[in-house]
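Notes for the structure review
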Amino acid sequence: MSDAHAMEHHLETSTGLDSRKLAIWTFIGSECLFFATLISNYLVHKETWLTGPGPFPHQEWVSPAGQHFEPIIEIPLVTLGTALLLFSSLFVVLALANAQRGNRKGLLLWLGMTIMCGLFFVGMQVYEFTHFVHKGLTLKTNLYGASFFVLTGFHGTHVTLGVIWLITLWIEGFRGRIPPAKSLNLEIAALYWHFVDVVWIVIFPVVYLIT
């Protein structure tokens, strides 16, 4: 193999990593800081929710004016979405392993499973947001509403972008354009997907379980 041909498959950097992999790790690092800021903002203001539909939507609440509010958080649904999102990290690893072995059927199967889990999670979040708005909780309702929608909304946006990315790779795989030599394309997307999963592991207990 000529030097030029070798360079085509591996772009050397001072770290020994492919430049594209280094770029995605740098991006993930910056996104960690971004979400750390949003989560910190939520926690700092956790004790300052003041007006309805309730300072803690996990519980029934009666306002000083005597207005009664039912809990609006649906823990079972969100738990299911969380479980599927976590399983999707396993599925994308299996998809990558099949891509590296040149098994196109396995690649399409497991990547398709990853996409389905991601679509369910996004659909769950759309339902949840619609449900909250119907119950009277919006960005403008109170500080809780603003903090909740910004934090979970940005995460949902990242998941949506990840699903779109994986769908494009599934199409490329279907067309036979992800041979083992190009499996790095899927590996980079998998790193991003693992990142959104890890972020949700933090968000889920902070927002939904710690009352």
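Quantities reported herein were computed from a predicted structural model and do not represent experimental measurements. (Residues numbered from 1 in each chain as written. Predicted model: local features only at pLDDT ≥ 70, side-chain atom pairs only at ≥ 80, totals over all residues. Heavy atoms only, no water.)

1. As for a nonpolar patch on the surface
Operational definition: A patch is a set of surface residues, each over 30% in relative accessible area and not in a salt bridge, joined within 9 Å for like charges and within 5 Å for the nonpolar side chains Val, Leu, Ile, Met, Phe, Trp and Tyr. Exposure was quantified through the Shrake-Rupley algorithm and a 1.4 Å probe, taking into account, for residues, occlusion by the shown protein chains and nothing else. Think of a salt bridge as a Lys or Arg side-chain nitrogen and an Asp or Glu carboxyl oxygen that are within 4 Å of each other. The helix and strand labels rest on DSSP assignments: H or I over at least four residues marks a helix, E over at least two residues marks a strand, and numbering proceeds from the N terminus.
A contiguous nonpolar patch, built from L17, L22 and W25 and spanning about 250 Å² of accessible area, is present on the exposed surface. Within the secondary structure, L22 is located in helix α2 (residues 19–44).

2. Brief notes about the environment of P205
Counted only if it meets this: Only protein chains enter the calculation, and the probe is 1.4 Å; a residue is then buried if its accessible area is under 20% of its type maximum, exposed if over 50%, and partly exposed in between. Between two residues, a contact is recorded if the distance between any of their heavy atoms is within 4.5 Å.
Of note, P205 is situated in helix α6 (residues 184–209). Residue classification places P205 among the partly exposed positions, given a relative accessible area of 27%. Beyond its immediate chain neighbours, meaning those up to four positions away, P205 contacts W200 and I210.

3. Some thoughts on the confidence of the model for the protein chain
The following threshold applies: Each residue gets a pLDDT score, which is the predictor's confidence in that residue and runs from 0 to 100.
Summing up the model confidence of the protein chain, the mean pLDDT is 87 and the portion of residues at 70 or higher is 81%. Element-level pLDDT for the protein chain is lowest in helix α1 (residues 3–9), with a mean of 44, against a maximum mean of 97 in helix α3 (residues 75–101). For the stretch residues 1–8, pLDDT sits under 50, and the model shows 2 contacts to residues farther than four places along the chain or on other chains.

4. Digging into the packing of aromatic side chains
Rule in force here: Centre distance within 6.5 Å is the pairing criterion for rings of Phe, Tyr and Trp, where only the six-membered ring of Trp is used; planes under 30 degrees apart are then read as stacked, over 60 as edge-to-face, and the remainder as tilted.
Scanning the model with the defined rule gives 20 aromatic pairs in all. Judged by centre distance (5.4 Å) and plane angle (75°), the ring pair of F34 and F35 falls under edge-to-face. Owing to a relative accessible area of 30%, F34 belongs among the partly exposed residues under this scheme. Between F148 and Y208, the aromatic rings sit 6.2 Å apart at their centres with planes inclined by 80°, giving edge-to-face as the arrangement. Linking F148 in helix α5 (residues 143–174) with Y208 in helix α6, this pair joins segments that are 60 residues apart in sequence.

5. Concerning empty space enclosed by the protein
Put simply, the rule reads: Only protein atoms enter the calculation, which uses a 1 Å grid: trapped sets of points that fit a 1.4 Å probe without letting it out are cavities, open sets showing protein on both sides within 12 Å along at least five of seven lines are pockets, and any residue with an atom within 4 Å of a point is a lining residue. Grid points are joined across faces, edges and corners, and a volume is the space filled by probe spheres set on the points.
For the coordinates displayed, the defined rule picks out 1 cavity of 30 Å³ or more. Estimates place the volume of the largest cavity at around 30 Å³. Around the largest cavity sit I72, E74, L77, V78, Y127, E128, H131 and F132, which together line it. In terms of residues, the lining of the largest cavity owes the most to one element, helix α4 (residues 104–134), which gives 4 residues.

6. So, the pattern of salt bridges
Any two side chains of opposite charge can pair, on the condition that their charged atoms come close. Summed over all chains, the structure comprises 3 salt bridges. For E187, the salt bridge goes to K21, with nearest N and O atoms at 2.8 Å. Of this pair, E187 sits in helix α6 while K21 sits in helix α2, placing them 166 residues apart in sequence. For K21, a relative accessible area of 18% corresponds to the buried category.

7. Here we look at the packing of α3 against α6
Convention followed: Convention adopted: a line fitted to C-alpha atoms gives each axis, helices being fitted over their contacting stretch, and angles between N-to-C directions are expressed from 0 to 180 degrees. Small angles under 35 degrees read as roughly parallel and large ones over 145 as roughly antiparallel, with 65 to 115 read as roughly perpendicular and the rest as oblique. Note on convention: the crossing is left-handed when the near helix lies turned anticlockwise from the far helix by less than a right angle, right-handed when the turn is clockwise. Gly counts as polar in this scheme, as do all residues outside two lists: the nonpolar Ala, Val, Leu, Ile, Met, Phe, Trp, Tyr, Cys and Pro, and the charged Asp, Glu, Lys and Arg.
Interaxial distance between α3 and α6 falls to 10 Å at its minimum, and their mutual angle equals 160°. On the basis of their axis angle, the class for α3 and α6 is roughly antiparallel. Here the hand of the crossing between α3 and α6 comes out left-handed. Here the contact of α3 with α6 is built from residues that sort into 17 nonpolar, 6 polar and 2 charged.

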